[in-house]
Structure formats: structure tokens, C-alpha cells
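# Breakdown of the fold
Letter by letter, the chains look like this.
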Amino acid sequence: MSTEPETTEDTGPGTPGADTAADTPQAGGDDADAGATGQETDAPSEDGAADGDAAAGRGDHDTETSADGDDESSADGGTGPEGSADAPQLSEAEAELAAQRVERERIERRRAEKQGPVEAGGKLSGKAADLLAAVRAVESGEKPVAAAFHDPEPAPRRVVVPEPERRPQPVTASATGPAAAAPEAVAAVRAVLAAAGAPDTLAPQVAAALGEDADRQLREDPWQLLRVAGVRPEQADGFARALLGAECGPEDERRGRALTVWLLEQAALAGHTALDAPALTAALTQRSVPDPDAAVQSTLAEGEALVFQDALDTAAPAREDTEEPEERPVRVLIGLERYALAEESLADGLARVMNSLPKDDGPAADWEHAATSAPRPAAELIRAVAGHGLVLHTGGDASGAEVAGLLHAVRSLGLRGWAATHAADGRRRLASRAAEDGPEAAPDLQVTTVAGLLSGAEGPGRDADGALDLDLLVVMDAPQLDVETAAVLAESLPDGARLVLSGDPGVLWSAGPGRIFADLLAAHVCPAVASRTPDPGPIGELVSGIGVGELLQVEAPGKEVVIVPVRDAGEAVHRTVQLVADSVPRAIGIPAEQTQVITPGHGGAVGTRALNAALKERLNPGPGRFGGFDPGDRIAYSPASGRSVPGHVVKADAEGLHLECAGVPVVVPKERVEQSVRHGWALTAHQAVGTTWPAAVVVLPGDTAQSLTRPWVYTAFGRAGRHLSVVHGVEQALPRAVAEVPQKPRTTRLPALLKALVPTAG
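First, a word on what this report is: a plain description of the structure on this page. Because the structure is a prediction, the values reported are computed rather than measured.

## Topic: the overall build of the protein
Each helix and strand counted, the protein has 27 helices and 20 strands in total. Taking as baseline every contact in the protein between residues at least 6 positions apart, the subset at least 24 positions apart corresponds to 76%. In the structure as shown, the protein presents an accessible area of about 30,000 Å², 51% of it carried by carbon and sulfur atoms.

In C-alpha cells:
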């Protein structure tokens, strides 16, 4: 039973239980002559959501999840947010997951202290400053929480401490996903599965997911099998019938609870942090639950989900016959505790950042001098940061020059400024933008990745209280922040530090639940600075037009944009291989290793699997002796749920598969290769976001026409630096998607939570 769904991009948010299987026919791939010649405007179509059975295995939500398809690594692991610095044996993924586990434990303790239900839109218990102090005390291990509540605020920092040079060290990927179950527990589960005719290969996953007494839990409630990634409701129903016999029926209360939790998990894979109660009950009805309301209530009573009532924006006016206004309408939301509490923690953390800006953090004249000394595009951003703890910055790739100007200005004021990027390639892009302002600007940058920052493997480190040791943090590619990562970031900032979230609002949202950047832009609780720096060249012009819903016809005298029409899937695969291996290197001068193929999904006749098989056969043929891989293969490595790192295979030995990813050597144990590593000549747009290549070949096969969205097209086309080829098989579906199909909506609570904590700006 596969643990990865056959689709990638978006699992339709409004339909938490939708299923679609995608086949994976093998792709042929011989070479052909002409490939990139025309310069038409009808670029290809976008597949924003290749099919989406999130249920098929926590994962191909375009990228996230283990091999960018499996969601096992989202469980916790490790010891603490700072563990990786003192314990080299922890991988970056383990350390990051450990940091998230510490955060979840903190918010669970906070919830346990609350009395009564959480009122929608009401102010959360506890002061933001107290909560931060508690987190710091827990993270550092040096103070009890009570003492941390009364610590004085740290004095403003003025000394710039250079980051010690770190040389890349080999990283060993975790050998297991969540936690390895004891052999006897696995054997007991295997016996239960075998008795019901289920695949005994699921035993390790079941034992890990259910913990102690997994075999007893399965016998008492066979639908607990749905907690295993990749298991579908119909499979769990068959397992239950085999174990329970005549006692099994669709009205079983255990089935209703399990399906409710399963649907909420699928909704999270589609990006929701909660679901409207009517949408959830409708999905349960589709799954043949006779009394969906009772199923939801049973789930809430068992504490497996939480209920919220969020006030709607439409205020009811007072009626003429009474002085009292009518009750304000609310919407009832159901969510998993994990994401609901993370969203509350994020709202608390952001409110603290906005309210804790020190009043004596340098004379205003110094900030104004820094703004007037900076290049004009960066001046507005510097002035906004001078007076606010949280600032949003929107723009395309070229707007990185403004961020570089801000960091340079902050350092000149004696403050410690850092930038964190979604992908390792972000460092290169930011440095190249800084170099545009002069050679002195680039060395001034302190840049890390979000994952490295949280794990402690990179960045400024932590102060004595466990907070990040900095005065300003700029998070690049901010639309890629999911709610759990964003919550850990916000709670890790010290009092008085400034936070800038910078990104392109037109790209795909995070692969994990939440839409942090979009929610903050819509909430109007802090300044938002829009970049006026356009992305250059024909590709920049094309992508900018897509962002506003127009598919422009651009002049491309140097073949910067080329359209290659195809009739069917076979021709699409053939043309793609030809472009990468022959046409682009010969006509454009960009070698195959610097050309990235982007396609809507993992499955299907022109998905990543089929294209990677054809590209490997042409570019690096070999027997695939180690899990299908050979030295020289391009790969996409997923160290943790929601992250994908491009790289290549170096070798394979008894230790595992040796990779090089962004200049860092990585060793993946044999048992983790299938879950963590995919071939990487072809990626999905979610896997590619945050990285650019000199050339990109975007493949739009005809069977993806209905799933195209404007953000998918915008993201895929924007991955090309110098050349974009579009293998176009969707005809008029492409301009229609660009003009009419926006980002799929997500249900989140962050705007309502922020509205209760922070007054609306302006």
C-alpha cells in the first residue's frame, strides 16, 4: 500500500475527503530534433492541484512530506530546539522537529491551565510576555518557568557579533520517522493485521502511530488503522469487517470518530487549520456516516478535536424596536488541537512582537539617516521598520535588493540583523541582489535558512533565555511559512526584536496548513510595504502579467520565452527530454544540469515519476542498484515534512545513500531512501518554490487543464532565471486559468485571533 498520494500540488481545500487516483504510465523518452523555436504568448497551462487524495499518504501535497510525499517526518523527534548545536549526531531534520515538539508541549501546558472552552475571537489567557518567558525558560533549561515570568527585559543590544564560520558537516538522516516501535509490539500488530487479511507490512507504521498496546487498540477499535499514513476509509472499513464481523456497521460510533479525525487530517494537508462545521458534516455524510452531527460531538467529547466560535465581520445593526444590537453572527469551526493551538500561539507571538518594540532603540534621526543613505527602493522599508515591530514586505525576486538594503542599514546602526530563506538557494539570490547595490553590501549580509535557524545548525544562536540572539529577523519567501513553523519563529524572537515577513503574495501558499502571509496582509494589523522594483526581462514581464491575471504576449528576441505545443502525453514527455538534453543546451547555452523541469503532479503519464524515468534514461542511465538511484542522479531530498532540497547522488555504501544538497553532504540510511528521496530532474511547483534555475521547462499536459490555477502558473514560470520553455498541451485552459482561477481558499483562524489582540492599522 503506497504511502504517497498520486498528486501533488493542492488537495482541494473545500473537499477534505476527495479522492483521485493517478496512474503512472511509463514515459518514453527518445530524443528529437527541433524543440524550442516559437515565441508565442500562450504559455502553458498551470496545474495547481494535481489530484489530491491527501489521504493516500500524507504527502504529495506538492512537496511536503518525506520524500516530498510522505508525511511521517512531521511527527516529533529529537530533544530540543538547541540540541543540534551540542549534539552533532542529530540531523537538521531531527533538531527542527524537536524544536516543534517543544513548542507543542508548551502550548499544551498553556491550554491545560485554561478554564472552560475557548471563546471564538476572545483574548487568550496569559500575557504574551509571560508566555515568551516561559518558552525561553523551558528551552534553556536554566530557570523554572515561575522565575522566568519575573525576569527583567533584556537591554537593547548594540554590539554586532560576527557569526563564526561553519564548515559543512555530513548530516545523517534519521533512520526512522516518528519513533521506532519495539520488535515485540510490531510482531503483535502483525498478528492482528494478518488475522484480518491486511498487509502485515503495515505493522511498523501501525505500531509507531498507535504507540503502546497498538494491537489491543486495533482489536478494540479497528478504525484506528486510519491513523496510519496512506490508509483509506474503505480499507479501514474492510479491516473492521474482518475483525468485527456482524458487529461492524456504518453507524458505529468508533467509525464516526475515526473518520472525523481523518477528514480533519486531510483538510490540514490541503492547507486548512480548521473546517467549518457544515463542511465537515457534509463530508461525513459523503462517507456514509448516518449521523454526522453525533460523530462530531463524540469526537469533541473524546478530546480528539476542538470546537471554536469565531465572530464574523458582518456586525448586526440594532433593530428599530429595540436599543440593543442583535447578536453578532459566528461561524463554528472544528479543528485538530495541534494546529488550533499553534495558530493561537502564533497570534500571541505576533502580538507580542508588535507590542514590545523598545521606545529607546536608537534616535529616530539615526534611522532617518540610514533611510536617506540607502538606495531609494529600500528607504520606505527602512522607515517602516524603524517605527514598527512587525512589517510586511511584498514583491518579486528583484525586491530582495530592498531587503539587502534594510539589513545593511540595520547593521550600520549597530543592531544585529539576520535574514532567513525558505530554500538554500535564497542565500545566493539575496547576495546577488545585494551586489547590485555595491560590493560592500553583500559581505554585510547574515543569511540562514528557516530550518537551520530553528534547529540551531545555522544563524545567530540563542541567548541565555533561549531566544534568538538578534535584533531584526527578515523571513524571506514568507508565503511558504506554515502555521507550526511560524509559531515557533514568533515565540523564538526576543522582546524588542523586529520581524519583517517578505515574500511574493502571488506564489503558491505553504505546503503545510495555514496561509500566514495572506492572513496578515488581509488583517491590516501592521504596515505593508509594496516593492516597486519590477523583475527584469521578458520572463519578469510575463510573470508580472500573470500575477494580475493577464497572459501577456512578450517580446523575447533572445528566446527567453519559448512555447512548444504538444498533442498528447507521449509527445509531451518526448519534447521535454529533448529540450533538457539537446535544445536548451544547444540553442540557449544552458547545460542540462542547470535546467529544471516543473510539472503539476507526481502521478500520471506526465508526472514527476514518468518524466524522471525518461530523463534518467537519457541523462544518467544506470541499473539503480541502491533503491533505484545511481551516482550522478539529480534528486529531491525531503529532510522533514514540507521541505524539499535539490541535490545529487554522490555514492552508496553500507551507511546509506550519500547525497550533496546545497553544498552539504547528507547520508540517508537505506531504510529511509524510499520515503525521503526522489529523482529530481522533474519537480512539482511546491517542491521548486523558493529556488530559481537558469532555465526551466514547465510541462502542461492536457489532462491537467481542469486543475490549473493562476498561482501555480505564476510560481512555475517564475522559477526560470534566463530561459523558460513551456511544453503546452492545454490550449485555452491556460489563459482561462490565469484570468479566472485564483488561489484555492483555506479556512484559518489567524485573522480573528489577531483582531482580538491587535487593533487594525489605519
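Now, onward.
## A short note on a nonpolar patch on the surface
The grouping of Val307, Val330 and Val332 at the surface amounts to a nonpolar patch, some 190 Å² of accessible area in total. Position of Val307 among the secondary structure elements: in strand β3 (residues 306-311). Accessibility expressed as a relative area gives 38% for Val307, which makes it partly exposed.

## Details of the pattern of salt bridges
Under the counting rule described, the total for this entry stands at 28 salt bridges. Of the charged contacts in the structure, one is a salt bridge between Arg216 and Asp213, with a shortest N-O distance of 3.9 Å. With relative accessibility at 38%, the residue Arg216 sits in the partly exposed group. The exposure class of Asp213 is partly exposed, given its relative accessible area of 44%. A salt bridge links Lys651 to Asp653; the shortest N-O distance between them is 3.9 Å. Under the relative-accessibility criterion, Asp653 is labelled partly exposed at 28%. One salt-bridge network, in which partners are shared between bridges, spans Arg227, Glu253, Arg257 and Glu304.

## Let's talk about the sheet that holds strand β2 (residues 275-276)
Judged by pairing direction, the sheet is antiparallel, and its 3 strands sit side by side in the order β2-β4-β3 without closing on themselves. Looking along the sheet, the strands with just one partner apiece sit at the ends: β2 and β3. Judged from the 6 bridges that link them, β3 and strand β4 (residues 330-335) form a sheet pairing that is antiparallel. Residue pairing in the sheet places Phe308 in a bridge with Leu333 of β4.

## Examining the environment of Phe517
Assignment of secondary structure puts Phe517 in helix α19 (residues 516-523). According to the relative accessible area criterion, Phe517 is buried, its value standing at 3%. Once the C-alpha coordinates of Phe517 and Leu392 are considered, the two residues, 125 residues apart in sequence, prove to be 8.1 Å apart. When sequence neighbours within four positions are dropped, the list of residues in contact with Phe517 reads Leu392, His393, Thr394, Ala478, Pro479, Leu501, Ser502, Gly503 and Pro505.

## Description of the pairing of strand β12 (residues 595-598)
Here β12 shows a buried face lined by Thr595 and Val597 and a second buried face lined by Gln596 and Ile598. Sheet topology places β12 next to strand β19 (residues 693-700); 4 bridges connect them, and they run parallel. Pairing of Thr595 across the sheet is with Ala695, part of β19. Direction of pairing for β12 relative to strand β18 (residues 682-683): parallel, over a ladder of 2 bridges. Bridged to Ile598 within β18 is Leu683.

## Thoughts on the nonpolar core
Within the largest apolar cluster, 85 residues are counted, with the highest numbers of intra-cluster contacts made by Leu473 and Leu501. Not counting residues within four places of it along the chain, the set of residues in contact with Leu473 comprises Trp418, Ala420, Leu453, Leu489, Leu493, Arg498, Leu499 and Val500.

## What about the packing of helix α9 (residues 253-269) against helix α10 (residues 277-286)?
At a closest axis distance of 10 Å, the pairing of α9 and α10 adopts a crossing angle of 120°. Between α9 and α10, the crossing angle belongs to the class labelled oblique. Of the two possible hands of crossing, α9 and α10 adopt the one that is right-handed. Listed contacts from α10 to Gly256, Leu259, Thr260, Leu263 and Leu264 of α9 are Leu280, Ala283 and Leu284. Tallied by class, the residues present in the contact of α9 with α10 amount to 6 nonpolar, 2 polar and no charged.

## Focus: helix α21 (residues 569-588)
If you look at α21, its biggest bend is around 55°, right at Leu579. Those residues of α21 that sit buried are Glu571, Ala572, Val573, His574, Thr576, Val577, Gln578, Leu579, Val580, Ser583, Val584 and Ile588. Between the side-chain oxygen of the N-cap and the backbone nitrogen of Gly570 there are 3.3 Å, and the N-cap of α21 in question is Asp568. Looking one or two residues beyond α21, the residue adopting positive phi is Gly589, at roughly 85°.

## Here we look at the packing of helix α20 (residues 537-547) against helix α25 (residues 710-717)
Here α20 crosses α25 at 165°, and the two axes come no closer than 9 Å. When the interaxial angle is binned, α20 and α25 end up roughly antiparallel. As for how α20 packs across α25, the hand of that crossing is left-handed. Facing α20, whose interface residues are Ile539, Leu542, Val543, Ile546 and Gly547, α25 presents Arg710, Val713, Tyr714 and Phe717. Across the contact of α20 with α25, the residue classes tally to 7 nonpolar, 1 polar and 1 charged.

## Section: the sheet that holds β18
The strand order across the open sheet built from 5 strands is β11-β20-β19-β12-β18, with neighbouring strands paired in parallel fashion. Across the chains shown, the open sheet's two edge strands, defined by having one partner strand only, are β11 (561-565) and β18. As paired strands, β11 and strand β20 (residues 720-728) are joined by 5 bridges and run parallel to one another. Bridging from a neighbouring strand, Pro565 pairs with His728 of β20.

## So, the environment of Ala182
With respect to the element layout, Ala182 can be found in the loop between β1 (171-172) and α5 (183-195). Along the backbone, Ala182 and Glu212 are 30 residues apart, and their C-alpha atoms lie at a distance of 9.2 Å.

## As for the side chain of Thr691
Locating Thr691 in the fold gives a position in the loop between α24 (685-688) and β19. A residue is classified by how much of its surface remains accessible, and Thr691, at 7% relative accessible area, is buried. Discounting chain neighbours no more than four positions away, the residues touching Thr691 are Ala423, Asp425, Arg429 and Arg719.

What counts and what doesn't
Residues numbered from 1 in each chain as written. Predicted model: local features only at pLDDT ≥ 70, side-chain atom pairs only at ≥ 80, totals over all residues. Heavy atoms only, no water. Helix = DSSP H or I, 4+ residues; strand = E, 2+ residues; numbered from the N terminus. Contact = heavy atoms within 4.5 Å. Areas by Shrake-Rupley, 256 points an atom, 1.4 Å probe, with all protein chains shown as cover. Patch = residues over 30% accessible without salt bridge, like charges linked within 9 Å, V, L, I, M, F, W, Y side chains within 5 Å. Salt bridge = Lys/Arg side-chain N within 4 Å of Asp/Glu carboxyl O. Buried < 20%, exposed > 50% of the residue type's maximum accessible area, 1.4 Å probe, protein only. Pairing = 2+ DSSP bridges. Core = buried A, V, L, I, M, F, W, Y, C linked by side-chain atoms within 4.5 Å. Axes fitted to C-alpha atoms, helices over the stretch in contact; angles between N-to-C directions. Parallel < 35°, antiparallel > 145°, perpendicular 65-115°, else oblique. Left-handed = near helix turned anticlockwise from the far one by under 90°. Nonpolar A, V, L, I, M, F, W, Y, C, P; charged D, E, K, R; others polar. Bend = angle between axes of the 7 residues up to and from the residue. Polar contact = N/O pair within 3.5 Å; in protein donor to acceptor, adjacent residues only side chain to side chain.

These values are about where atoms sit, not about what they do.
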